[in-house]
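Survey of secondary and tertiary structure
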Amino acid sequence: MPHPTHTRRTVLAAGLASAATTFARTGSAQQRIVMNDASRLNPTPVIKYWQPQTDSKDAFVERLRAELKEAASAKRPVAVGAARHSMGGQSLPRDGVAITLDGRALVADIAAGTYRVDAGARWVDVIRALDPIGFSPAIMQSNNDFGVASTFCVNAHGWPVPHGPFGSTVRSVRLVLADGSLVDCSKTQNGELFALAMGGYGLFGVIVDLELEMARNVLLTPTAELMRGDDFADRFIKAVGADRVQMAYGRLSVTRRGFFDEAILVVYRPTPKQPDRLPPAIASNSMTTVSREIYRAQVGREVAKRARWFAETVANPAISAGIATRNTLMNEPVSNLANSDRRRTDILHEYFVPPDRFGEFLTACREIIPPARAEFLNVTLRYVGTDETSTLAYAPTPRIAAVMSFSQEISPEGEVDMIQTTERLIDRVAALGGAFYLPYRLHARRDQVEAAYPNLARFIERKRFYDPKLLFRNAMWDAYFA
């Protein structure tokens, strides 16, 4: 698959720089900067945009304290981001201060099996640092250009098994609160704050750095199995618990005729004989190795959807054994499948389904998704183990995560269709005892958020306790929590 000339990181920086120039100070009046997120549907004016380096901890913390004090005095909200891949304005504070963290410092403790990393580091930085010493992130978000601290704040999951969400491998974080205090948080120290900040969407403070667990990097060999969609859940759960399986995922056919009728399950085990020296991590394309062109051609073309499914289930397994290191498999940029059609935008959904109700979930999807106006491009199925810590846990027991990608028209009609489709899917998933992921478009009803996250009231009450002036706010707070 050809790689774009620019990464998402450089494109974002260029776009924000342009916005800052366009909306610079005019005379004595301060004009607002207009920022957006990955949906391209949330243009949001902000008063200030700050991009600090987090490598120098003391200097960063002191400058951050000054910024927070100034924002509080002016009664302006503050929100923090990294790659800014959220889709509902979660990193955008209207008429406030937007902060994008950047930093790469990492120190590994091989004896302890941990590493400490800057909040501003991206996962590509982590892989680049751990790979030469033979280690790998225990869990990371599914793309390498996302921020490490952001992954904690949304408590994302990956596809190593049989782990729970990312937060389950976080030993501790250092957090600057609204009053400027720097606190150490872990399960045993400031445990309540740790649980609130894990999947707390930056509403409790700004992370300075994190201590994380790492795993041995190994060479892995995949096996692929084609099956009926209705048989997937049982086979998947059995595979996740099988001996030596380290990574696993599934996909479903998205052709309109036979929607979700077929599934492919791919599992990775260590190769029987590990080499003395592993090959260095390279940029991966775990999306099936089909070209970006075939993936994007699926919009409005059933023949392209059939071609993509053939490539994933027949051609790719036949032409390549797919042997790769753990690091290479996780080292994939989100830009691999970037959308260049400015009339459409890619929108993600994610649902967490009890495995024993997965067949009913497929039935709901077959009834709701094909009639929708939006074009359905992909679903990746992953395992998420029990989350025993975070206050807003989406996996109180093991779940199958369905990560869905839609192509939506950028139009009022496209937006109405997406709102209605989202509400219908959430209602059906909630009836199965499942949940939906919060960091995408803010299309859920408040009662749907409360049903999916039963600790919501406590989360809001403790937010007001730790941040009584509501300094840390974003669009999600306004829509779901305020």
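Residues numbered from 1 in each chain as written. Predicted model: local features only at pLDDT ≥ 70, side-chain atom pairs only at ≥ 80, totals over all residues. Heavy atoms only, no water.

Observations concerning the overall build of the protein chain
For the protein chain, the helix and strand inventory stands at 14 helices and 19 strands. Projected onto its principal axes, the C-alpha coordinates of the protein chain cover approximately 65 × 55 × 45 Å. Within the span of the protein chain, comprising 482 residues, buried residues form 56% of the whole. If you take every contact in the protein chain between residues at least 6 apart in sequence, the share linking residues at least 24 apart comes to 73%. Accessible surface, the protein chain: about 19,600 Å² in total, of which carbon and sulfur atoms supply 53%. A distance of 3 Å separates the average location of the 58 positive side-chain charges in the protein chain from that of its 51 negative side-chain charges. (Helix = DSSP H or I, 4+ residues; strand = E, 2+ residues; numbered from the N terminus. Buried < 20%, exposed > 50% of the residue type's maximum accessible area, 1.4 Å probe, protein only. Contact = heavy atoms within 4.5 Å. Areas by Shrake-Rupley, 256 points an atom, 1.4 Å probe, with all protein chains shown as cover. Lys, Arg positive; Asp, Glu negative; His and termini not counted. Charge placed at Lys NZ, Arg CZ, Asp CG, Glu CD.)

Describing the confidence of the model for the protein chain
Counting all residues, the mean pLDDT for the protein chain is 90, and 91% of those residues have values of 70 or more. In this model, residues 1-28 is a region of pLDDT below 50 whose contacts with residues beyond four sequence positions or in other chains number 39 contacts. (pLDDT = per-residue confidence, 0-100.)

Here's the deal with the sheet that holds strand β16 (residues 344-353)
Taking strand neighbours across the sheet as the criterion, the eight strands line up as β15-β12-β14-β13-β17-β18-β16-β19 in an open arrangement whose pairing is antiparallel. Where the open sheet ends on each side, the last strands, each with one partner, are β15 (324-325) and β19 (435-436). Where helix α6 (residues 232-240) meets the sheet, it contacts β12 (219-228), β13 (247-252), β14 (262-270), β17 (375-384) and β18 (399-409), and its direction lies at approximately 5° from that of β14. Against the sheet, helix α11 (residues 412-431) contacts β16, β18 and β19, and its axis sits at roughly 5° relative to β16. (Pairing = 2+ DSSP bridges. Axes fitted to C-alpha atoms, helices over the stretch in contact; angles between N-to-C directions.)

Overview of the pairing of strand β9 (residues 170-176)
Within β9, five of the seven residues are buried, which leaves the element mostly enclosed by the surrounding structure. With five bridges joining them, β9 and strand β10 (residues 182-186) adopt antiparallel strand pairing. Within β10, the position partnered with V176 by the bridge is L182. Counted along the chain from β9 to the antiparallel partner β10, the turn is five residues long, and its residue G180 has a positive phi close to 90°.

Some remarks on the pattern of salt bridges
Two side chains carrying opposite charge are able to pair once their charged atoms lie near each other. Applying the stated criterion across every chain, the model contains 38 salt bridges. In this structure, D231 engages R228 in a salt bridge whose closest nitrogen and oxygen atoms are separated by 3.0 Å. By relative accessible area, D231 is classed as partly exposed at 27%. One network of salt bridges, with partners in common, ties together D102, R104, R122, D125 and R128. (Salt bridge = Lys/Arg side-chain N within 4 Å of Asp/Glu carboxyl O.)

Side note on the sheet that holds strand β4 (residues 78-81)
Reading across the sheet, the three strands line up as β3-β5-β4 and stay open at both edges, with parallel pairing between neighbours. Two strands lie at the open edges of the sheet, namely β3 (48-50) and β4, each paired on one side alone. Neighbouring strand axes in the sheet, compared pairwise and without regard to direction, differ in orientation by 20° on average. The strands touched by helix α2 (residues 57-73) within the sheet are β3, β4 and β5 (97-100), with β3 carrying the most contacts at an inclination of about 170°.

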